[in-house]
Amino acid sequence: ANGRGRRFREMRGAAVLIALAIMAVACAAPAGAFAREELSLACRSGARLAALAWGDARAPVRVLALHGWMDNAASFEALAPALAHGCRVVALDLPGHGRSPHAACSAEYSAVEHAFSAYDALDALGWLAPVPDAAGDGDGSGLVDGATPAPRAFSLLGHSLGGGIACLLASALPEQVRRLALVEGFGPLARPPEAFAAQLRDSLRKRHAAATGEHGPRERTYSTLDEAAAARVNGAKRLPGKQFMSMGAARVLAERGTVHVDAPGGGGARALRFSHDRRLAHPNAQAFHEEQILNVLAAVSCPTMLVQARHGWPRPEPGFGERVRAMQPGLLTVVDLPEGSHYAHLDEETAAAVQRAIGPFLLEEDEG
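A.B. asks: What's the story with unusual backbone geometry in this structure? I'm lost.
C.D. replies: A negative phi angle is the norm for most residues apart from glycine, just as the trans form is the norm for most peptide bonds. For Met70, which is not a glycine, the phi torsion comes out positive at approximately 70°. Phi is positive for Ser160, close to 55°, though the residue is something other than glycine. Position of Ser160 among the secondary structure elements: in the loop between β5 (154–159) and α4 (161–172).

The structure is reproduced here in structure tokens:
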């Protein structure tokens, strides 16, 4: 491949050895050494977001982790502890997911809205510095006219939908994002322009039904956590391609993503149901066109790593190749795993391989 195509960057030997040593210590240490923290972020916008955190809050390397559609912050349970000696990792529950509140009935769960929530969280964490207002209009957006560009203060780690959101943030905050690590997610999903009218019609109808209480059938409940996890395993099989999810990964997600409710039929029995907002399954009124996504990727200015699994989300050509070529030369490293599925970062058989790729990348010192 040429300089604008897919390539594997050769990391500096010393940096790799140091990073791998840190990862080895992290993996060998007792679990208690990397106890996770439960966070509740009170954002200045008025929103409140749940999150999980690992590592020293004073660590010089700070990573915001963004999960995939219908998942939650526990998606990073396998990766984050291995980074804890060198990083402060904060994994969000995006609105409508995990333990974060659902969005207002009039709101949409679009990639742009999720990007705003992540921006809100960065501000609440104190990781977000003032940046110039590109419009120069002093519109009260929180961006400061004429401000000195901020240092690259944090990195982004995204899986699936979270990878798309991370790309949006990296393109919007090029002065601040230090590194961009993507697992099975290289930009938002695209829709063809000719599908807009049908998608708008479907979105309006379903949003109105949800807002007026016409949700349809009652949400399913499960007798045990393993039963709920099995539902996640079966759901992964319906994704495009030959995808799958291990029972262990599904159980991790289900443990954080379910709540106790009264079982159907009464009698005082208890059951579980998933806590995510059912409106997440509704189509958004607007979606990105491929040309917009190429513009987003071209605006990313930090080193970027994309980890892909053999049986992950399909990457049809020529679209995937065009996205690779849209990146600025020399920034993108693509790691193709010989095995694994869309949840390679959480599945027991492939999580270590993802750790070995992403850990040194996030911990590597930047040039200059």
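A.B. asks: Quick question: what am I supposed to make of the nonpolar core here?
C.D. replies: Nonpolar side chains tend toward joint burial in soluble globular proteins. In this structure, Leu64, Leu66, Leu92, Phe154, Leu156, Leu180 and Phe186 are the most contacted members of the largest nonpolar core, which totals 46 residues. The element best represented in this core is α4, accounting for six residues. Leaving out residues up to four positions away in the same chain, Leu180 has contacts with Leu156, Ala166, Cys167, Ala170, Val300, Cys302, Pro303, Thr304, Met305 and Phe361. The next biggest cluster of nonpolar side chains, apart from the first, holds 29 residues, and it includes Val61, Leu79, Val307 and Leu363.

A.B. asks: Before we go on, may I ask you to explain the pairing of strand β10 (residues 332–336) in this structure?
C.D. replies: Looking along a regular strand, one sees the side chains alternate between the two faces of the sheet. Most of β10 sits inside the fold, with four of its five residues counted as buried. Where strand β9 (residues 304–308) meets β10, five bridges bridge the pair, whose relative direction is parallel. Its bridge partner being in β10, Gln308 is matched across the sheet by Asp336. Taken together, β9, helix α9 (residues 319–326) and β10 constitute a β-α-β crossover, and its handedness is right-handed.

A.B. asks: Help me out: how do you make sense of the environment of Phe274 in this one?
C.D. replies: Relative to the elements of secondary structure, Phe274 occurs in strand β8 (residues 270–274). Ignoring anything within four residues of it in the chain, the contact list for Phe274 reads Glu219, Tyr222, Ala228, Ala231, Arg232, Ala254, Gly257 and Thr258.

A.B. asks: What exactly am I supposed to notice about helix α3 (residues 111–125) here?
C.D. replies: Residues separated by three or four positions in an α-helix point in the same direction, a consequence of the helix having 3.6 residues per turn. The end-to-end C-alpha distance of α3, which contains 15 residues, comes to 21 Å, matching closely the 21 Å that a straight helix rising 1.5 Å per residue would cover. Within the span of α3, buried status applies to Ala111, His114, Ala115, Ser117, Ala118, Asp120, Ala121 and Leu122. Here the buried face of α3 lies against β1 (37–42), β2 (48–54), β3 (61–66), β4 (87–92), β5 and α4. Gly126 sits one or two positions beyond α3 and adopts a positive phi of about 80°.

A.B. asks: Whenever I open this one, the sheet that holds β5 confuses me. Can you help?
C.D. replies: Pairing between sheet strands relies on hydrogen bonds along the backbone, with the strands arranged either parallel or antiparallel. Taken in spatial order, the eight strands line up as β1-β2-β4-β3-β5-β6-β9-β10 in an open sheet, and their pairing is mixed. Single-partner strands in this sheet number two, and they are β1 and β10. Between one strand axis and the next, the sheet turns through 20° on average, direction left out of account. Pairing analysis gives six bridges linking β1 to β2, with the strands arranged antiparallel. Directly across from Glu38, in β2, lies its bridge partner Leu52. The strands that helix α10 (residues 351–363) touches are β3, β4, β5, β6 (177–183), β9 and β10; relative to β6, the one it contacts most, it runs at about 170°.

A.B. asks: Looking at this structure, how should I read the environment of Ala80?
C.D. replies: Looking at where Ala80 falls in the secondary structure, it is placed in helix α2 (residues 80–83). By relative accessible area, Ala80 is classed as buried at 1%. Distance from Ala80 to Val63, taken between C-alpha atoms, is 9.4 Å for residues 17 residues apart in sequence. With residues up to four places along the chain from it excluded, the contact list for Ala80 reads Trp54 and Val89.

A.B. asks: What is the right way to look at the packing of aromatic side chains in this model?
C.D. replies: Summed over the entire model, instances satisfying the criterion amount to two aromatic pairs. Centre to centre, the rings of Phe186 and Phe320 are 5.9 Å apart; their planes meet at 65°, and the pair counts as edge-to-face. Highlighted residues: Phe186 in the loop between β6 and α5 (196–211) and Phe320 in helix α9, separated in sequence by 134 residues. Judged by its relative accessible area of 7%, Phe320 falls in the buried class. Taken together, a centroid distance of 5.5 Å and an interplanar angle of 70° make the contact between Tyr222 and Phe274 edge-to-face. Taken as a pair, Tyr222 in the loop between α5 and α6 (225–237) and Phe274 in strand β8 lie far apart in primary sequence, 52 residues in all.

Reading the values: rules and limits
Residues numbered from 1 in each chain as written. Predicted model: local features only at pLDDT ≥ 70, side-chain atom pairs only at ≥ 80, totals over all residues. Heavy atoms only, no water. Helix = DSSP H or I, 4+ residues; strand = E, 2+ residues; numbered from the N terminus. Core = buried A, V, L, I, M, F, W, Y, C linked by side-chain atoms within 4.5 Å. Buried < 20%, exposed > 50% of the residue type's maximum accessible area, 1.4 Å probe, protein only. Contact = heavy atoms within 4.5 Å. Pairing = 2+ DSSP bridges. Right-handed = clockwise from strand over helix to strand, strands pointing away. Expected span 1.5 Å × (residues − 1). Axes fitted to C-alpha atoms, helices over the stretch in contact; angles between N-to-C directions. Phe/Tyr/Trp six-rings, centres within 6.5 Å; stacked < 30°, edge-to-face > 60°.

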